[in-house]
Amino acid sequence: MRLMIRVPWRGTAAVAVLALAGCASVTPVEPPETTLPPVFTNANNDSNSTEANSNADRSNAMGSNAISANRWWQSFNDTQLDQFIAQGLEQNYSLQAAWARLAQSRALWRQNASGQYPDVNLSLSKSRAWRENTTNDLWSAGVSTEYELDFWGRVSALDDAGRLSALATHSATRTQANTVAGQIALNWFGLIKEGQNLALLQQQQARVSAALQVTQGRFQRGQADVSDVWQQQQLLESINADLISAQGQRDSYQQQLAVWMGRSEWLSAAALENSELRTYQTQALPQLDITPLTVPVSALQQRPDVQQAFFKLQSANAGLAAAAANRYPRFTLNASYSGSDEDLSKVFDNWLANLAGGLVLPLIDGGNRRAAVAQQRAVVDENLAAYQQTLLDAAQEVQQALTDERQSQALVVSLERQLALASKTEAFQNNRYRKGVGDFLALLNAQQDVIGLEKQLLNARWSQLQNRIQLYKAVSHGDFSEEEASS
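Participant: What should I look at first to understand the overall build of the chain in this one?
Facilitator: Of regular secondary structure, the chain possesses eleven helices and nine strands. Relative to its 487 residues, the chain shows a buried fraction of 40%. Here the analysis covers contacts within the chain between residues at least 6 apart in sequence; of these, 81% occur between residues at least 24 apart. Total accessible area on the chain stands at roughly 26,300 Å², and carbon and sulfur atoms take up 51% of it.

Participant: So what exactly am I meant to see when it comes to the pairing of strand S5 (residues 119-131) here?
Facilitator: A regular strand places its side chains on the two faces of the sheet in alternate fashion. With 13 bridges joining them, S5 and strand S6 (residues 134-149) adopt antiparallel strand pairing. Across the sheet, the residue bridging to Trp-130 is Thr-135, located in S6. What sits between the antiparallel neighbours S5 and S6 is a turn of two residues, in which Glu-132 has the positive phi angle 50°.

Participant: Would you explain helix H9 (residues 368-434) in this entry?
Facilitator: Since one α-helical turn is 3.6 residues long, residues separated by three or four positions face the same way. When the terminal C-alpha atoms of H9 are compared, their 92 Å separation across 67 residues agrees well with the 99 Å that a helix rising 1.5 Å per residue should span. Among the residues trailing H9, Gly-436 stands out with phi positive, at a value near 85°.

Participant: How do you make sense of the side chain of Glu-426 when you look at a structure like this?
Facilitator: One can find Glu-426 in helix H9. Despite being buried, Glu-426 has no salt bridge partner; Arg-207 is the closest side chain of opposite charge, sitting 4.1 Å away. If sequence neighbours within four positions are ignored, Glu-426 has contacts with Arg-207, Leu-443, Ala-446, Gln-447 and Val-450.

Participant: How should the pattern of salt bridges be read in this particular structure?
Facilitator: Two side chains that carry opposite charge are able to pair once their charged atoms sit near each other. Applying the stated rule across the entire model yields twelve salt bridges. Between Arg-263 and Glu-265 there is a salt bridge whose closest N-O contact spans 2.4 Å. Arg-278 is the salt-bridge partner of Glu-273, the closest N and O atoms lying 3.9 Å from each other. The class for Arg-278 is partly exposed, based on a relative accessible area of 39%. Within this structure, Arg-263, Glu-265 and Glu-276 form a network of salt bridges that share partners.

Participant: Looking at this model, I keep getting lost on the packing of helix H5 (residues 154-220) against helix H8 (residues 304-325). Mind explaining?
Facilitator: To characterise two packed helices, one gives the angle between the axes of the helices and the distance between these axes. In the contact formed by H5 and H8, the axes pass within 8 Å of each other and the chain directions differ by 165°. As summarised for this structure, H5 and H8 are arranged roughly antiparallel, according to the angle between their axes. Where H5 crosses over H8, the handedness of that crossing is left-handed. Here the residues of the contact of H5 with H8 sort into 13 nonpolar, eight polar and five charged.

Participant: I tried to follow the packing of aromatic side chains on my own but got confused; where do I start?
Facilitator: In this description, an aromatic ring pair is defined by two values, namely the gap between the centres and the angle between the planes. Using the criterion set out here, one finds 13 aromatic pairs in the structure. Within the aromatic cluster, the residues linked to one another by ring pairs are Trp-72, Trp-73, Phe-76, Phe-189, Tyr-472 and Phe-480. The residue whose ring lies beneath Arg-218 is Tyr-433, and the NZ or CZ to ring-centre distance is 4.3 Å. Sitting above the plane of the Trp-266 ring, Arg-263 keeps its charged end 4.2 Å from the centroid.

Participant: Help me out: how do you make sense of the packing of H5 against helix H6 (residues 226-261) in this one?
Facilitator: In the contact formed by H5 and H6, the axes pass within 8 Å of each other and the chain directions differ by 165°. As summarised for this structure, H5 and H6 are arranged roughly antiparallel, according to the angle between their axes. The way H5 lies across H6 gives a crossing that is left-handed. A breakdown of the residues in the contact of H5 with H6 according to their chemical character gives 21 nonpolar, 19 polar and four charged.

Participant: I keep staring at the nonpolar core and nothing clicks. Help me out?
Facilitator: General note: in soluble globular proteins, nonpolar side chains tend to be found buried as a group. If you look at the biggest cluster of nonpolar residues, it comprises 37 residues, and the most contacted ones within it are Trp-72, Phe-76, Leu-81, Ile-184, Trp-188 and Phe-189. Among the elements that take part in this core, H5 stands out by supplying eleven residues, more than any other. Setting aside residues no more than four positions away along its own chain, Leu-81 makes contact with Trp-73, Phe-76, Ile-184, Ala-185, Trp-188 and Phe-189. Ranked by size, the runner-up nonpolar core spans 23 residues in total, among them Ala-299, Leu-300, Ala-394 and Ala-401.

Participant: Help me understand a nonpolar patch on the surface, please; the structure alone is not making it clear to me.
Facilitator: Together, Val-120, Leu-122, Val-143 and Tyr-337 make up a nonpolar patch on the protein surface, roughly 380 Å² of accessible area in all. Relative to the assigned elements, Leu-122 resides in strand S5.

Participant: Could you clarify how one ought to interpret unusual backbone geometry in this entry?
Facilitator: Generally, phi is negative for residues other than glycine and the peptide bonds are trans, each holding for most cases. Notably, Asn-77 is not glycine yet its phi reads approximately 55°, a positive angle. Following the sequence through the fold, Asn-77 ends up in the loop between strand S4 (65-66) and helix H3 (79-91). A relative accessible area of 71% means that Asn-77 is categorised as exposed.

Participant: Before we go on, may I ask you to explain the environment of Leu-236 in this structure?
Facilitator: The residue Leu-236 is located in helix H6 in this model. Among the residues examined, Leu-236 registers a relative accessible area of 15% and is labelled buried. Sequence separation of Leu-236 and Gln-205 is 31 residues, and the distance between their C-alpha atoms is 6.3 Å.

Participant: Sorry if this is basic, but what is going on with the environment of Leu-257 here?
Facilitator: Inspection of the secondary structure assignment puts Leu-257 in helix H6. Setting aside anything within four residues of it in sequence, one finds Leu-257 in contact with Phe-84, Ile-184, Asn-187, Trp-188, Trp-266 and Leu-277.

Participant: Would you mind showing me how to read the environment of Gly-452 here?
Facilitator: As for its position among the elements, Gly-452 is in helix H10 (residues 440-475). Sequence separation of Gly-452 and Leu-419 is 33 residues, and the distance between their C-alpha atoms is 9.1 Å.

Participant: Honestly, the confidence of the model for the chain in this entry has me stumped. Any pointers?
Facilitator: Interpreting fine coordinate detail is not advised for predicted regions of low pLDDT. Of the residues in the chain, 84% reach a pLDDT of 70 or more, and the chain-wide mean stands at 82. Within the model, pLDDT remains below 50 along residues 1-23, and this stretch shows 45 contacts once partners closer than five positions in the same chain are excluded. Between residues 47-64, whose pLDDT stays under 50, and residues either more than four places distant or in other chains, the model counts 14 contacts.

Participant: Quick question: what am I supposed to make of the side chain of Asn-178 here?
Facilitator: Counting through the fold element by element, Asn-178 comes out in helix H5. On the accessibility criterion, Asn-178 (6% relative accessible area) is buried. With residues near it in sequence (within four places) discarded, Asn-178 still touches Trp-72, Lys-473, Ser-476, Gly-478 and Phe-480.

Conventions used here
- In this numbering scheme, every chain counts its residues from 1 along its sequence in written order.
- Local features are withheld for residues below a pLDDT of 70 in this predicted model, meaning they are given only at 70 or higher, and side-chain atom pairs are given and counted only at 80 or more; totals for whole chains, interfaces and linings count all residues.
- With hydrogens and water stripped out, all remaining heavy atoms of the structure feed into the side-chain values.
- Going along the chain from the N terminus, every DSSP run of H or I of four or more residues is numbered as a helix, and every run of E of two or more is numbered as a strand.
- Summary of the burial criterion: residues with accessible area below 20% of their type's maximum are buried, those above 50% are exposed, and those between are partly exposed, where the area comes from a 1.4 Å probe applied to protein chains only.
- Any two residues having at least one pair of non-hydrogen atoms within 4.5 Å are treated as being in contact.
- Using a 1.4 Å probe, accessible areas were evaluated by the Shrake-Rupley method; residue-level cover was limited to the displayed protein chains.
- A pair of strands is labelled paired if DSSP reports no fewer than 2 bridges between them.
- Every helix has an expected span of 1.5 Å times one less than the residues it contains.
- Just so you know, the count uses Lys and Arg for positive and Asp and Glu for negative, and it drops His and the chain ends.
- Salt bridges are counted wherever a side-chain nitrogen of Lys or Arg sits within 4 Å of a carboxyl oxygen of Asp or Glu.
- A fitted line through C-alpha atoms represents every axis, and for helices the fit uses only the stretch in contact; the resulting angles, taken between N-to-C directions, go from 0 to 180 degrees.
- Each angle gets one of four labels, with under 35 degrees taken as roughly parallel, over 145 as roughly antiparallel, 65 to 115 as roughly perpendicular, and the rest as oblique.
- Rotating anticlockwise by less than a right angle from the far helix to the near helix defines a left-handed crossing, while the corresponding clockwise rotation defines a right-handed one.
- Each residue gets one label: Ala, Val, Leu, Ile, Met, Phe, Trp, Tyr, Cys and Pro are nonpolar, Asp, Glu, Lys and Arg are charged, and the others, such as Gly, are polar.
- Side-chain rings of Phe, Tyr and Trp (the six-membered ring for Trp) are treated as a pair once their centres are within 6.5 Å; stacked means planes under 30 degrees apart, edge-to-face means over 60, and tilted covers the remaining angles.
- The criterion for a charge sitting over a ring is simple: Lys NZ or Arg CZ within 6 Å of the ring centre, and within 35 degrees of the ring normal.
- By nonpolar core we mean a set of buried residues, namely Ala, Val, Leu, Ile, Met, Phe, Trp, Tyr and Cys, connected to one another through side-chain atoms within 4.5 Å.
- Note on patches: the residues involved have over 30% relative accessible area and no salt bridge, like charges join within 9 Å, and the nonpolar side chains Val, Leu, Ile, Met, Phe, Trp and Tyr join within 5 Å.
- The predictor rates its confidence in each residue with pLDDT, a number between 0 and 100.

This is how it looks when you write it as structure tokens:
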């Protein structure tokens, strides 16, 4: 029986988010409760597998590893990656555009909030009148103010809508920051992976070339067929083709890394001689901790896409409150203080003060305001459904990432065992062939098996690393800016 937990919008993370948002005058929308497992994990619970049980016992002894959302890339212990991501978070143009959109959203919020304060205007004018042989100047000055009495909460609702919309935009910015960090990590490790791939292919090339020389020698002595030489040459040429492909993939990772970091000077092929990039040739893919990973359900509420959907829902709800209040009478106060005189210094000696109250009551508008309320209510319903779907998608993404992580770990272990056995077979067949007692076809098959498994193992380790990065991104809150964290 699986333990379940109900996750309402006001979960631990959501409460923290609302505390940052400030006190709202509009009652927030409470989405329906969503039933989710309390913890997501990649631990293997297959009770029918003896090996799975032994792994589970070992995992329990080692304990589980809770995923951290804070600067997740530092878990790879790669100082070069740390520097690249720091540069990318500062220089990436798409992220700069996201910050600009956030500045726009905050400015719109300030515009909405301005309705809570009186509108004060100062006027100054001068007029000149001509009568026969005389000319008279007249100075006029005044101060006027207008203020809406917010009896129905229309003005404060507009303020809430602007504030919550700005918070949603901030969440979208954090999503983009997480994307930038993830893409830089993927392309940097992709560059390292291709460096390892090129080194592996060169080793395979050397091994097959050595085997080709032995085969050619046996052919010259009449101990092998010419087809044996051709097959060995074909295998060598296939490795040469893989080298060409690997070089192209390496260049592609380099170019993508340059784009995500905003480093246009790295787009050229010569950039690989740069000291910062050249380290890819000697680095190895990081060794990942195989301890079972866990993600608490509360981490979902910290995801920026979930928070963005939540704030969009609350902003739409505030817009509904403003639309509803717009159907009621609007009360305004107007005050003015003015004076006029031929001498500017005496303008306010003869002054006139005025205070007036105004009432605007909509009578007939063809159903416009009623339709606006209905339209805004539908917007709330849309955003409510979008929030619930986003929460479910987040849960599915986290669980899928954990599942992929477990499967990739198992695949790497299996391929390592296969490669160890295939290497023994190749060494045995190669030794027999050199002594003249072995079969060439058996040696060729053994060589092909080793070459294929070496490729599969490298690709499996690369997939395992990609899955780990995807898992980190799926859990991360995306708030990596020290300035934002301290403000």
